[in-house]
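# Survey of secondary and tertiary structure
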Amino acid sequence: MTGPTPHILFVDDEAALRALMAERLRERGFEVVEAESGEKALERLDQFAFDIIITDLRMPGIDGGRVIEAARGRYPGIVAIVITGYGTMKDAVDVMKRGASDFITKPFQFDELMHVLEKALEQRRLTSENAYLRSQLEDRYKNAADQFGGVLGRSRPMRALFQLLETVAPSSSTILITGETGVGKEVVARAIHHNSPRRPHRFVALNCSAIPETLLEAELFGHVRGAFTGAVGTRQGRFEQAHKGTLFLDEVGTMSVGLQMKVLRALQEREFERVGDSQTIKVDVRVIAASNSDLSRMVAGGTFREDLYYRLNVIPIEVPPLRERRDDIPVLVKHFLDKFAPDGAMHVSQSAMRALMAYAWPGNVRQLENAVERAVALGAGRQEIDSADLPPEVQATPQATPAPFVDFPDEGLDLPGYLASIERDLIQRALDRTRGNRNKAADLLRIKRTTLVEKLRRIGATH
């Protein structure tokens with residue numbers, strides 16, 4: 001083979017067949033990871049962008065059809081092949097509708113699988129050359145989180161976050177959002193406002209770290225004419241602008257202790273005075289604050305008021321960093337591609353997706369967005385974004401292939417027919433690889449040494 005090594009996920013609940021086919025495919029130059037069930041397959045698809053998935057159709061729990069559907073939903077460019085011992089025309093039509101490239105019935109020869117695999121890879125190559133046409137035929141991915149105004153993800157941490165947002169959005173309680181720089185704290189705050197009864201009114205955002213300390217009080221509470229040099233007229237502050245709506249205070253930990261006291265009074269009394277004025281203004285505002293600093297540690301250090309901390313931290317929400325939800329990266333990448341290449345003419349190669357999923361993203365979602373924007377600019381005129389279009393630090397990150405999973409039938413299982421032949425072949429290959437060392441061969445097959453010896457006796461091997 002030429003070009004990057006294709007990565008295959010091989011899914012089958014028949015351990016001996018799965019292990020043998022995986023071994024033969026590795027001999028042909030493929031990187032192969034095994035999964036013994038549909039559930040395990042979905043876990044591995046969350047962790048890695050495979051080029052090819054080969055799956056049994058009939059399996060306990062999640063069947064091959066659902067695995068194919070999930071794989072194609074996450075990675076539209078993945079090649080999907082179904083193998084089964086119970087094939088019917090109806091089955092073939094069904095899996096083709098779900099995105100499978102081909103359908104093979106058991107028992108089959110390895111050469112037949114290779115023929116189908118090579119044909120599917122060639123078809124994918126031809127299809128990628130006409131990505132624009134394909135994009136017009138594909139349905140756009142619809143994320144269940146659309147209601148949260150741009151908060152995207154389907155990982156376990158994000159599902160927990162969505163559930164929390166649904167619970168807290170209808171209330172008027174003060175919220176403190178924490179998380180690293182770039183995780184999307186303002187996006188979460190806007191989502192809360194968008195799903196609250198305050199939605200018809202304004203969402204007002206203020207980054208406290210971006211305003212000089214001498215002007216921040218006037219930005220928050222407004223000022224009257226002549227209150228300070230340059231105050232040529234009366235101006236509303238952010239609290240007043242957000243009346244009946246939501247005020248988002250980002251990087252609230254950068255406020256001076258003196259200003260913190262005034263903010264605390266505004267939160268408690270729902271009233272304040274403009275700078276230079278004695279008239280009290282009453283407001284109805286929901287405050288959502290955010291910080292990438294540990295405010296509880298700042299309280300202990302005396303740089304943040306304890307009473308303000310507890311007033312803000314009525315409902316704490318922590319947004320997880322991107323490195324803890326890597327399975328959301330394909331969803332986010334597609335979202336940013338739709339943003340920066342809205343004609344749908346570009347897609348990301350599987351090798352580039354693997355690089356994106358391997359990188360730690362210290363700048364989180366914001367950094368990923370910038371990387372996709374850069375890749376779209378560098379890939380202008382082409383349909384496919386490749387690894388070379390990504391930032392150097394992303395390209396340089398080692399890509400760890402998931403550890404191969406090898407399972408073996410339960411001890412004492414007498415495999416019928418062709419599976420018995422597969423068992424002999426698998427044992428022989430394990431012994432060849434370990435140069436006849438039975439202990440190492442048993443470890444490779446994940447069975448006890450005594451079980452291996454019994455199987456060797458039964459098949460009459462000479463090792």
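Residues numbered from 1 in each chain as written. Predicted model: local features only at pLDDT ≥ 70, side-chain atom pairs only at ≥ 80, totals over all residues. Heavy atoms only, no water.

Turning next to the confidence of the model for the chain. Segments scoring low in pLDDT should not have their predicted coordinates read at a detailed level. Averaged over all residues, the pLDDT of the chain is 83; the fraction at 70 or higher stands at 84%. Throughout residues 129-146 the model reports pLDDT below 50, and contacts reaching past four residues in sequence, or to other chains, amount to 26 contacts. Scored below 50 in pLDDT, residues 403-419 shows 38 contacts in the model against residues more than four places distant or in partner chains. (pLDDT = per-residue confidence, 0-100. Contact = heavy atoms within 4.5 Å.)

Moving on, we get to unusual backbone geometry. For residues other than glycine, phi is negative in most cases, and the peptide bonds are mostly trans. If you check the backbone angles, Glu251 has positive phi at about 50° while not being a glycine. Position of Glu251 among the secondary structure elements: in the loop between strand S8 (246-250) and helix H11 (257-269). Judged by its relative accessible area of 12%, Glu251 falls in the buried class. Non-glycine residue Asn364 carries a positive phi angle of around 60°. Residue class for Asn364 comes out buried when judged on its relative accessible area of 0%. (Helix = DSSP H or I, 4+ residues; strand = E, 2+ residues; numbered from the N terminus. Buried < 20%, exposed > 50% of the residue type's maximum accessible area, 1.4 Å probe, protein only.)

Within this structure, the stated rule accounts for 7 aromatic pairs. An angle of 65° between the planes, with centres 4.9 Å apart, marks the rings of Phe48 and Phe50 as edge-to-face. Just as Phe48 is buried, Phe50 falls in that class too. Ring pairs connect the aromatic residues Phe221, Phe239 and Phe272, which therefore count as one cluster. (Phe/Tyr/Trp six-rings, centres within 6.5 Å; stacked < 30°, edge-to-face > 60°.)

Let's shift gears to the sheet that holds strand S12 (residues 315-318). Sheet architecture is open: 5 strands sit in the order S7-S8-S11-S6-S12, paired in parallel fashion. Where the open sheet ends on each side, the last strands, each with one partner, are strand S7 (203-207) and S12. With strand direction ignored, the average angle separating the axes of adjacent strands in the sheet is 20°. Strand direction decides the pairing type here: strand S6 (residues 175-178) and strand S11 (residues 286-291), joined by 4 bridges, are parallel. Bridging across to S11, Ile177 finds its partner in Ala290. (Pairing = 2+ DSSP bridges. Axes fitted to C-alpha atoms, helices over the stretch in contact; angles between N-to-C directions.)

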